[in-house]
Amino acid sequence: MDEKRRFEVQREFDYRPAPVLLHGSQSLLARSREEPIGSLWKRMGALLLAAFTVEGFINTVGPMLFKEQWNGADGTRGLERQSWDSKLKQIAKASGTSI
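Residues numbered from 1 in each chain as written. Predicted model: local features only at pLDDT ≥ 70, side-chain atom pairs only at ≥ 80, totals over all residues. Heavy atoms only, no water.

Counted at 1.5 Å a residue, the expected span for helix H1 (residues 17-34) with its 18 residues is 26 Å, and the 26 Å between its end C-alpha atoms agrees. Among all positions in H1, only Pro17, Ala18, Gly24, Ser25 and Ser32 are buried. For H1, the angular spread of the buried residues around the axis is 130°, confining them to a single face. Projecting away from the buried face of H1 at angles above 90 degrees are the exposed residues Pro19, His23, Arg33 and Glu34. Buried residues along H1 sit in contact with helix H2 (39-66). (Helix = DSSP H or I, 4+ residues; strand = E, 2+ residues; numbered from the N terminus. Expected span 1.5 Å × (residues − 1). Buried < 20%, exposed > 50% of the residue type's maximum accessible area, 1.4 Å probe, protein only. Arc of directions from axis to C-beta. Contact = heavy atoms within 4.5 Å.)

Moving on: a nonpolar patch on the surface. Side chains of Phe13, Tyr15 and Val20 sit close together on the surface and give an oily, nonpolar patch of about 350 Å² of accessible area. Along the polypeptide, Tyr15 turns up in the segment before H1. (Patch = residues over 30% accessible without salt bridge, like charges linked within 9 Å, V, L, I, M, F, W, Y side chains within 5 Å. Areas by Shrake-Rupley, 256 points an atom, 1.4 Å probe, with all protein chains shown as cover. Salt bridge = Lys/Arg side-chain N within 4 Å of Asp/Glu carboxyl O.)

This next bit is on the packing of H1 against H2. Between H1 and H2, whose axes approach to 8 Å, the crossing angle comes to 165°. Overall, the two elements H1 and H2 adopt an arrangement that is roughly antiparallel. The chirality of how H1 crosses H2 is left-handed. Within the contact between the two elements, H1 uses Pro17, Ala18, Leu21, Leu22, Gly24, Ser25, Leu28, Leu29, Arg31, Ser32 and Arg33 and H2 uses Ser39, Lys42, Arg43, Gly45, Ala46, Leu49, Ala50, Phe52, Thr53, Gly56, Phe57 and Thr60. (Axes fitted to C-alpha atoms, helices over the stretch in contact; angles between N-to-C directions. Parallel < 35°, antiparallel > 145°, perpendicular 65-115°, else oblique. Left-handed = near helix turned anticlockwise from the far one by under 90°.)

So, to be careful, I would describe these as geometric facts and stop short of saying anything about function.
Quick look at the structure:
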């Protein structure tokens with residue numbers, strides 16, 4: 001009777017982490033303003049989530065804009081292997097905006 005059942009669920013969907021992470025960052029920042037005790041840790045958490053927001057945005061938009069170039073399928077090193085600021089500048093340039 002104590003036998004554990006194993007199962008696997010598979011589903012494909014389009015997950016975009018940037019909005020979720022941005023909301024978390026903004027929520028922590030708001031909490032740090034409301035509750036001064038421990039606000040340093042809340043602000044640090046907000047800063048980390050903001051960094052992950054940028055990375056999530058880059059890794060979502062980059063493959064959409066650059067397709068084969070992103071992972072190096074065209075024989076190059078791949079844009080994915082570049083620094084975050086380099087990738088962000090290339091995304092801005094490709095979309096007609098500036099940073």
